[in-house]
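Per-entry structural report
As a plain string of letters, each chain reads:
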Amino acid sequence: MIERSLSRYRQAYLISCCSMTDSLAVFDVDHWLRQPRPADFHVSQPYQVACWSKLSQKEGGRICYGNTEGLNCYKRPELPANLGQGYPEAYTQKDEEASVGVEQVATAVAKAGLQDQCDVCTFRNNLNKIFATPVDLKSPWVVDACMLQHTLHLDIHKIPQHTFPNADLFQYYGYRFEALSTQQTEVDATSEYCAVVRLRLDKLRVMMAAEVDCYDPDKVKPGHAPDLASYLELKTYVMPEDQRKAANIKKFKYPKWWLQSWLAGVPSVIAGARDKQGWLRSIETVPTRQIPNLSAEANVGFNPWEQIGFGRDVLTWMQHMTGLHREKQLQFSYQEEGNRHAIRCMLVNAGSLAERVRSVQ
């Protein structure tokens, strides 16, 4: 099945013998973008199959599979609100250097008894980066991968990020908005609730874990627990000063907001606008399905199917490459190389990913 699905892409996108001796193959992003839009293919509605709650650092940081206690209820904050209040003395910060392995997702899938229905196992973070490449050609990314049995496992690989003044404070604004929106008295970034979602992209059955910010109590059916239909994404942004900056929000932020929400089946984004002093001034609800139209109305439209089609083709290629090197760790890296854009595949000698995943199966 992998060979058949790849046959139409190989000549167009793969360079098996490339000039870099440490590369196994290359996916030519520029060539993909020049091709006519791919034919439509089946994409299923995301469906939640599992979840977990991670306790805060103060509570021990344990992961509780099947537990929904980490899912908080949304309540619109009072305006205006000082998003900088409590920084830094009342801020429990997440350790950005800590490793978060795909074995957490594999464990949740195994506990749900769905290993045989999983072609791709990953955190949403990886798909955010891969699928967004056509609309963000300048942002590099790296993903580690291995094939165990028939499942492609994608592991988060952190790379150095561009730093800028007050980056920690701006990040705190986002966590403070989440705390205000869920009536939390402390800003603690170390706890989380993750939903594991099943999504079908053409022939690929994807099991993906996505952190969920909160849920809308008005969208929960009486007598039922919160589900995907009630989940919300929370976002903050700087209030635009003019029409050009307002259009830039729809040009650069909306495609990523749409992708992140669409992948996990989250129907709405709660967007909080702040001023430059960190005061929350307005809040709006943006339905995920309307985001492409809102960008188009501002003359900065994007094509959602381009992101979906690109993601499908790259995942299919990754599935093929890891299938050729089963139980070996491969690394897929994307970066802008002058005027060229490509994803390179390399073998990671002595990589531990396969052993880590195997230990939880």
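Below is a short write-up of the structure. (Residues numbered from 1 in each chain as written. Predicted model: local features only at pLDDT ≥ 70, side-chain atom pairs only at ≥ 80, totals over all residues. Heavy atoms only, no water.)

1. Observations regarding the sheet that holds strand β10 (residues 192–201)
Stated precisely, the cut-off is as follows: Two strands pair under a simple rule: DSSP has to find at least two bridges between them. A run of H or I in DSSP becomes a helix once it reaches four residues, and a run of E becomes a strand once it reaches two; helices and strands are each numbered from the N terminus. Angles shown run from 0 to 180 degrees and are taken between the N-to-C directions of axes, each axis being a line fitted to C-alpha atoms and, for helices, limited to the stretch in contact. Whether two residues are in contact is decided by their heavy atoms: any pair within 4.5 Å suffices.
Spatially, β1-β17-β16-β7-β8-β6-β11-β10-β2-β3 is the arrangement adopted by the ten strands of the open sheet, whose pairing is mixed. Of all strands in the sheet, those bounded by a partner on one side alone are β1 (25–28) and β3 (63–65). The average angle at which neighbouring strand axes cross in this sheet is 25 degrees, direction not considered. Sitting on the sheet, helix α7 (residues 243–264) is in contact with β10 and β11 (204–211), with an inclination near 80 degrees to β10.

2. Remarks on the packing of α7 against helix α9 (residues 304–324)
Rules: Note on angle classes: values under 35 degrees are labelled roughly parallel, values over 145 roughly antiparallel, values of 65 to 115 roughly perpendicular, and the remainder oblique. Each crossing is labelled by how the near helix is turned from the far one, with a counterclockwise turn of less than a right angle marking it left-handed and a clockwise turn marking it right-handed. Under the convention adopted here, Pro, Cys and the residues Ala, Val, Leu, Ile, Met, Phe, Trp and Tyr are nonpolar, Asp, Glu, Lys and Arg are charged, and Gly plus all remaining residues are polar.
Where α7 contacts α9, the axes come no closer than 11 Å and their chain directions differ by 55 degrees. Considered as vectors, α7 and α9 are oriented oblique to each other. In terms of crossing hand, the pair formed by α7 and α9 is right-handed. Taken together, the residues of α9 that come into contact with α7 (itself represented by Pro255, Trp258, Leu259 and Trp262) are Pro304, Gln307 and Ile308. Split by residue class, the contact of α7 with α9 holds six nonpolar, one polar and no charged.

3. Remarks on the packing of helix α5 (residues 124–131) against α7
At a closest axis distance of 10 Å, the pairing of α5 and α7 adopts a crossing angle of 135 degrees. The pairing of α5 with α7 is recorded here as oblique in orientation. The hand of the α5/α7 crossing is right-handed. Contacts between α5 and α7 involve Arg124, Leu127, Asn128 and Phe131 on the former and, on the latter, Leu259, Gln260, Leu263 and Ala264.

4. Some thoughts on helix α6 (residues 167–181)
Side chains three or four residues apart in an α-helix point the same way, a direct result of the helix having 3.6 residues per turn. Test applied: For a helix, the expected span equals 1.5 Å multiplied by the residue count minus one. Throughout this description, buried means an accessible area under 20% of the type-specific maximum (1.4 Å probe, protein chains only), exposed means over 50%, and partly exposed covers the range between.
With 15 residues, α6 ought to run about 21 Å at 1.5 Å a step, and its terminal C-alpha atoms sit 22 Å apart, in line with that. For α6, the set of buried residues is Leu169, Tyr172, Tyr173, Tyr175, Arg176, Phe177, Ala179 and Ser181. On the buried face of α6, the contacting elements are β4 (81–82), β5 (91–92), β9 (187–188), β13 (231–238), β14 (268–274) and β15 (279–287). Phi turns positive one or two residues past the end of α6, at Gln183, with a value near 60 degrees.

5. Topic: the layout of surface pockets
We count it as follows: The method works on a 1 Å grid over the protein atoms by themselves. A cavity is a set of points holding a 1.4 Å probe that cannot get out, a pocket is an open set with protein on both sides within 12 Å along at least five of seven lines, and residues with an atom within 4 Å of a point line them. Grid points are joined across faces, edges and corners, and a volume is the space filled by probe spheres set on the points.
Counted as a void, the second largest pocket has a volume near 300 Å³. Those elements that place two or more of their residues in the lining of the second largest pocket are β2 (47–54) and α7. Among the residues making up the lining of the second largest pocket, the classes are represented as eight nonpolar, six polar and one charged.

6. Topic: the environment of Gln183
Tracing the sequence through the fold places Gln183 in the loop between α6 and β9. With relative accessibility at 55%, the residue Gln183 sits in the exposed group. Taking C-alpha positions, Gln183 is 8.2 Å from Cys73, a pair spaced 110 residues apart along the chain.

7. Quick notes on a negative patch on the surface
Quick note on the threshold: Exposure above 30% relative accessible area and the absence of a salt bridge qualify a residue for a patch, where like charges join within 9 Å and nonpolar side chains (Val, Leu, Ile, Met, Phe, Trp, Tyr) within 5 Å. The method behind every accessible area is Shrake-Rupley, applied with a 1.4 Å probe, and residues are considered shielded solely by the protein chains displayed. Salt bridges are defined by distance alone: a side-chain nitrogen of Lys or Arg within 4 Å of a carboxyl oxygen of Asp or Glu. Under this rule, positive means Lys or Arg and negative means Asp or Glu; His and the chain ends count for nothing. Every charge is mapped onto a representative atom, which is NZ of Lys, CZ of Arg, CG of Asp or CD of Glu.
A cluster of acidic residues, Asp95, Glu96, Glu97 and Asp168, forms a negative patch on the protein surface. With respect to the secondary-structure elements, Asp95 resides in the loop between β5 and α4 (103–111). You can call Asp95 partly exposed: its relative accessible area is 49%.

Any functional reading would require information beyond the geometric quantities listed.
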